[in-house]
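# Overview (structure and organization)
Here is how the chains run, residue by residue.
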Amino acid sequence: MRLKLFLLTMIMLSLILTSCQNLISNQDDSSSNETTSQNVDTNKEFHSQDSTTYSFDSYNDLLASFSTTESDNIIQTEKTMYGEIYQAFVDEMSSADTNIIVPCFDGSPMSLRDKEGLSNITLMTQEFVSLPWIWYYGIYNDRNIVVKITYPPIDVPQDYSASQVLNTISSDAVNIHNYQNFSNYESVYSLDISLNDTEVTALVYEYKESTKKTVSIYYQGFFICIDAQSETFNDTFWSSLSFQ
């Protein structure tokens, strides 16, 4: 009888011990999973601060965001959140020496697309070649056109071609010397163009499966890319185009 009681007692103690060990193990696993989940969320939050976009309805809205330093000016208050290059871009565009340029035809600002639910102007804190860009979505002769501008943080001669400037910014970017390595380009070449107020040597991209072209120019320190249908780019287009 005593032996049976002893064995029963030992079995019960063993079950209790096993139950406690399982409970401790589950708590450790839960704690570990919670920590991992928090790390992932933190990383997502961090990466979400790497870049963002801001939208504007008009040229005046855009220019006001760079010309004022009011406490409610989101461009100025958030400029330190997206890296030194973006902060330098905002400071440069806000300075008295450098003003944001807008595309003009025959001396008047390009008509913006004004489509409901779509941005007329977008500021991107980081885009092509990891630089900040301003995209103007416009209309020219009833055709859509996108004019993109950036201000590279580099010193290059003003008479550099667009190809030379791009190669200085990023030697890995698609250019005359390497476009054959990329499957979607039919041709990339330089072209002398006469704008309304100056002459430039542009960089032209032609695509294999698109009727659009991209033409890049270097203009008074700004690197500019223009996307439009191929037939948009003619002598009349270029001779009427300026930036103010």
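## So, unusual backbone geometry
- Here the phi dihedral of Asp114 falls at roughly 50°; this positive angle occurs in a residue that is not glycine.
- As for its placement among the helices and strands, Asp114 is situated in the loop between β4 (111-112) and β5 (121-124).
- In the Ramachandran plot, Ser130 falls in the positive-phi region, its phi being about 60° despite a non-glycine side chain.
- With respect to the helices and strands, the residue Ser130 is situated in the loop between β5 and β6 (133-140).
- The class for Ser130 is partly exposed, based on a relative accessible area of 45%.

## A short note on the pattern of salt bridges
- Applying the stated criterion across every chain yields a total of four salt bridges.
- With a shortest N-O distance of 2.7 Å, Asp91 and Lys79 are connected by a salt bridge. One end of the pair, Asp91, is in helix α4 (residues 84-94); the other, Lys79, is in the loop between α3 (74-77) and α4, and 12 residues separate them in sequence.
- By relative accessible area, Asp91 is classed as partly exposed at 33%.
- A salt bridge links Arg143 to Glu231, with the shortest nitrogen-to-oxygen separation between them at 4.0 Å. In this pair, Arg143 sits in strand β7 (residues 143-150) while Glu231 sits in the loop between β11 (222-229) and α6 (235-240), placing the two residues 88 residues apart along the sequence.
- Residue classification places Arg143 among the partly exposed residues on the basis of a relative accessible area of 32%.

## Some details on the sheet that holds strand β2 (residues 103-105)
- The three strands are arranged β3-β2-β12 in an open sheet whose pairing can be described as antiparallel. The strands lining the two open edges of the sheet, one partner per strand, are β3 (108-109) and β12 (241-243).
- As paired strands, β2 and β12 are joined by three bridges and run antiparallel to one another. Its bridge partner being in β12, Pro103 is matched across the sheet by Phe243.

## Quick notes on the confidence of the model for the chain
- Here the chain averages 83 in pLDDT, and 80% of its residues register 70 or above.
- The model gives residues 1-48 a pLDDT under 50, and that stretch makes zero contacts with residues more than four places away or in other chains.

## Things to note about the layout of surface pockets
- For the largest pocket, the calculated volume is near 240 Å³.
- For the largest pocket, the lining is made up of 15 residues, of which Phe128, Lys148, Tyr207, Thr214 and Cys225 are closest to its centre.
- Counting residues per element, the lining of the largest pocket draws most heavily on β11, at three residues.
- Residues belonging to the lining of the largest pocket are distributed by class as follows: 10 nonpolar, two polar and three charged.

## Regarding the environment of Asp114
- For Asp114, a relative accessible area of 60% translates into the label exposed.
- At a separation of 2.7 Å, a polar atom in the side chain of Asp114 contacts the side chain of Asn120.

## A look at the pairing of strand β9 (residues 199-207)
- In this sheet, β9 lies alongside strand β8 (residues 185-194) in antiparallel orientation, the contact comprising nine bridges. The residue bridging Tyr189 from the neighbouring strand is Val204, located in β9.
- A loop of four residues connects β8 with β9, the two strands running antiparallel in sequence.
- Across four bridges, β9 lies against strand β10 (residues 212-219) in antiparallel orientation. Paired with Leu203 across the strands is Ser216, a residue of β10.

## Looking at the nonpolar core
- Membership of the largest hydrophobic core comes to 43 residues, with the highest contact counts inside it found for Tyr136 and Ile224.
- Val156, Tyr179, Leu203 and Phe223 belong to the second-largest nonpolar core, a separate cluster that totals 20 residues.

## Remarks on the side chain of Asp227
- Tracing the backbone shows Asp227 in strand β11.
- By relative accessible area, which is 18% here, Asp227 ends up buried.
- At 2.6 Å, the side chain of Asp227 and the side chain of Thr214 are in polar contact.
- The residues touching Asp227, leaving out its near neighbours within four places in the chain, are Asn144, Ile145, Val146, Lys148, Lys213, Thr214 and Phe233.

## Quick word on helix α2 (residues 59-67)
- Inspection of α2 places Tyr59, Leu62, Ser65 and Phe66 among the buried residues, and these make up the whole buried set. Around the axis of α2, the buried residues are gathered within 130° of arc, so they sit on the same side. Among the exposed residues of α2, those pointing more than 90 degrees away from its buried face are Asn60 and Ser67.

About the cut-offs
- Residues numbered from 1 in each chain as written.
- Predicted model: local features only at pLDDT ≥ 70, side-chain atom pairs only at ≥ 80, totals over all residues.
- Heavy atoms only, no water.
- Helix = DSSP H or I, 4+ residues; strand = E, 2+ residues; numbered from the N terminus.
- Buried < 20%, exposed > 50% of the residue type's maximum accessible area, 1.4 Å probe, protein only.
- Salt bridge = Lys/Arg side-chain N within 4 Å of Asp/Glu carboxyl O.
- Pairing = 2+ DSSP bridges.
- pLDDT = per-residue confidence, 0-100.
- Contact = heavy atoms within 4.5 Å.
- 1 Å grid on protein atoms, 1.4 Å probe; cavity = no way out; pocket = protein on both sides within 12 Å on 5 of 7 lines; lining within 4 Å.
- Points joined across faces, edges and corners; volume = space filled by probe spheres on them.
- Nonpolar A, V, L, I, M, F, W, Y, C, P; charged D, E, K, R; others polar.
- Polar contact = N/O pair within 3.5 Å; in protein donor to acceptor, adjacent residues only side chain to side chain.
- Core = buried A, V, L, I, M, F, W, Y, C linked by side-chain atoms within 4.5 Å.
- Arc of directions from axis to C-beta.

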